[in-house]
Amino acid sequence: MSEPIPILQEFTLPCGAVLKNRICKAAMTERLADKNQHATSELIHLYDHWASNGTGLLISGNIHIDKRYKEASANVVVEDESGLSMLSKMTEAGTQQNTHFWAQISHGGRQSNIFSTFKPIAPSAVQLKRLMLFAKPKAMSIEQIKDVEDRFVNTAILCKKAGFTGVQVHSAHGYLLSQFLSPRTNLRQDEYGGSIENRSRLLTDIVIRLRKELGADYPISVKINSADFQRGGFNEEDSLIVIKKLEKLGIDLLEISGGTYENVTFLTERYKKESTRKREAYFLDFARKIRKRSTIPLMITGGFRSLVFCNEVLSNKELDIIGFARPYLNQMDFPKEFLSTSDNRVPDAKFNFKINALRDFAEAAYYDYQIHQIAKGKPFNFKYNPYLAVLRMTKNEMVKGWF
Ligand SMILES: Cc1cc2nc3c(=O)[nH]c(=O)nc-3n(C[C@H](O)[C@H](O)[C@H](O)COP(=O)(O)O)c2cc1C
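One structure accompanies this document, and this report is about it. For clarity, every value in this text was computed on a predicted model and none was experimentally measured. Throughout this document, residue positions are counted from 1 along each chain, in the order its sequence is written. Note on the predicted model: pLDDT of at least 70 is required for a residue's local features to be given, and 80 or more for side-chain atom pairs to be given and counted; whole-chain, interface and lining totals, by contrast, use all residues.

## Topic: the overall build of the chain
Argument step 1. Only DSSP runs of H or I covering at least 4 residues are called helices, and only runs of E covering at least 2 are called strands; the numbering of each starts at the N terminus. What the chain contains, in helices and strands, is 14 helices and 14 strands.
Argument step 2. We compute the radius of gyration over the C-alpha atoms and compare it with the globule rule, which gives 2.2 Å times the number of residues raised to the power 0.38. The C-alpha radius of gyration of the chain comes to 20 Å, within 12% of the 22 Å expected for a compact globule of 403 residues.
Argument step 3. Over its C-alpha atoms, taken along the principal directions, the chain stretches across nearly 60 × 45 × 45 Å.
Argument step 4. With C-beta atoms placed from the backbone, the exposure class of a residue follows from how many other C-beta atoms lie within 10 Å of its own: 20 or more, buried; 12 or fewer, exposed; in between, partly exposed. Put simply, the chain has 403 residues, and 48% of those count as buried.
Argument step 5. C-beta atoms are placed from the backbone for every residue, and two residues are taken to be in contact when these atoms lie within 7 Å. Taking the intrachain contacts of the chain between residues at least 6 apart in sequence as the baseline, contacts between residues at least 24 apart amount to 70%.

Next comes the structure, spelled out in structure tokens:
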């Protein structure tokens, strides 16, 4: 029998767990929790759908460790056992057909919006000034930092109990752990600030404890930025140092992304540089640098759209796993459809949105709508008006957050 094409080959993680292929649905915040921040039947339907189309690894959207500091009003929060029965049904749906389903665990920090809190906390009191959606954060005390560490561990243990087959610590995109990593948002002068050793302390302390609590055979992943793409922010040099540290701690999969809410590189990069458009995936140049220095299994998310290119980077051993997000919202049966159509290419949505400052917000809102269509068992509506999407998402955030 001939070998399957690279994207369909199995992959064994360092902990021993086996992914049935190299296709990962990267995290996409679902905004579908109920008013107690628990999983709902819509979430169960969504993951039932996504697990039935041939994906090897599903990663949930942001699951928060503390209901006070969410990135969106209807995020799932796991702080105790109260929502575990619905969460278990969601993991049962998401692990069908030998699919791995990992929980992405997260804390919003200063990126917790005003619908979630007017009193965010962060490494330092550096406010995120975007669309007046974020209040000025309070610098965290050492007790609050220790509390966050405990909460990451507690949430991960509960997620494992609920049936997730792995966990991903979200340390990218400007959320709390990424705020600690960045010298722009972390101005502390104690053991959590200053050198990259100190700025990465909270992340590495969490990973050490997760390995101890979750066991040697449980997949642990970290999502980290290659850079924040902000002057004076977390850069590639810092990132490589942190990656070396994570390698020593024995994580199973490193996911590379980039940007924060101030520069949403992870969403918008494909519209910018000609070279990245040609090479399809952004962050690949950085992946090459990591490969030279580290043996951690590697995944990149952002921009992959053609099967030929995915197979090329896998067979060149540039990457181990390919992360896709928006393709799942542009083809209903992705990746089944992607693998079977004649051109093996997934298109991006094309919509007209003239307000540049809001473009990324409109795009997130447009895709949020499509996620909800799947969750309700309805078809995509590619003609959905992005202006309407912005209004819809703002209204949902307000209603679910304040009322
Ligand atoms: C609607 C939407 C929600 C997202 N939510 C998350 C999230 O919860 N956590 C995360 O790490 N990334 C999130 N992302 C970023 C994606 O995981 C991914 O990095 C990005 O979309 C680039 O990949 P793509 O070009 O395949 O879409 C989100 C992206 C979209 C479009």
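More follows now that the structure is in view.
## Regarding the pairing of strand β12 (residues 253–257)
Argument step 1. In terms of burial, β12 is largely enclosed, as five of its five residues are buried.
Argument step 2. On β12, burial covers both faces: Leu253, Glu255 and Ser257 on one face and Leu254 and Ile256 on the other are all buried.
Argument step 3. At least two bridges found by DSSP between two strands is the condition for calling them paired. The pairing of strand β11 (residues 220–225) with β12 spans five bridges and is parallel. Bridged to Val222 within β12 is Leu254.
Argument step 4. With strands facing away from the observer, any crossover in which the path from the first strand over the helix to the second runs clockwise is taken as right-handed. The β-α-β motif built from β11, the intervening helix α7 (residues 236–249) and the parallel element β12 has right-handed crossover chirality.
Argument step 5. Both β12 and strand β13 (residues 298–301) contribute to a ladder of three bridges, which runs parallel. Each residue of the ladder has a partner; that of Ile256, found in β13, is Ile300.

## Points about the packing of helix α13 (residues 359–375) against helix α14 (residues 386–402)
Argument step 1. Here the axes come from fitting lines to C-alpha atoms, over the contacting stretch only for helices, and the angles between their N-to-C directions go from 0 to 180 degrees. For the pair α13 and α14, interaxial distance at closest approach is 8 Å and the crossing angle is 80°. Judged by the angle between their axes, α13 and α14 are roughly perpendicular. Note on element contacts: α14 touches α13 through Pro386, Ala389, Val390, Arg392 and Met393, opposite Phe361, Ala362, Ala365, Tyr366, Asp368 and Tyr369.
Argument step 2. Side-chain classes follow a simple rule in which Ala, Val, Leu, Ile, Met, Phe, Trp, Tyr, Cys and Pro form the nonpolar group, Asp, Glu, Lys and Arg form the charged group, and the remainder, Gly included, forms the polar group. Among the residues forming the contact of α13 with α14, the class breakdown is nine nonpolar, no polar and two charged. Should an angle lie under 35 degrees it is considered roughly parallel, over 145 roughly antiparallel, and from 65 to 115 roughly perpendicular; all remaining angles are considered oblique.

## A few points about the site of the ligand
Argument step 1. We call a residue near a molecule or strand when its C-beta atom, built from the backbone, sits within 6 Å of it. Close to the ligand lie 24 residues; Ala26, Ala27, Thr29, Ala325 and Arg326 are nearest.
Argument step 2. Those elements that place two or more of their residues in the shell around the ligand are α8 (265–268) and α13.
Argument step 3. With three residues, the top contributor of residues to the shell around the ligand is α13.
Argument step 4. Residues of the shell around the ligand, tallied by class, amount to eleven nonpolar, ten polar and three charged.

## A few points about the nonpolar core
Nonpolar side chains in soluble globular proteins tend to be buried together.
Argument step 1. Membership of the largest hydrophobic core comes to 106 residues, with the highest contact counts inside it found for Tyr47, Cys159, Val167, Leu254 and Ile322.
Argument step 2. For this core, the element with the highest residue contribution is α13, accounting for nine residues.
Argument step 3. The residues touching Ile322, leaving out its near neighbours within four places in the chain, are Ile7, Arg22, Ile23, Cys24, Met299, Phe304 and Cys310. Residues enter a nonpolar core if they are buried, belong to Ala, Val, Leu, Ile, Met, Phe, Trp, Tyr or Cys, and are joined to the set through C-beta atoms within 7 Å.

## Quick word on the packing of helix α1 (residues 41–51) against α13
Axis angle and axis distance: for two packed helices, these are the angle between their axes and the distance between the axes, and together they describe the pair.
Argument step 1. Here α1 crosses α13 at 90°, and the two axes come no closer than 8 Å. With respect to their mutual orientation, α1 and α13 come out roughly perpendicular. Only Ile371, Ile374 and Ala375 of α13 make contact with α1, whose side of the interface consists of Glu42, Leu43, His45, Leu46 and His49.
Argument step 2. Residue classes in the contact of α1 with α13 are distributed as five nonpolar, two polar and one charged.

## Here's the deal with the pairing of β11
Argument step 1. With six of six residues buried, β11 is to be regarded as a mostly interior element.
Argument step 2. Along β11, one buried face is formed by Ile220, Val222 and Ile224 and the opposite face, lined by Ser221, Lys223 and Asn225, is buried too.
Argument step 3. Pairing of strand β10 (residues 166–171) with β11, which is carried by five bridges, proceeds in the parallel orientation. Across the sheet, residue Ser171 finds its bridge partner in β11, namely Ile224.

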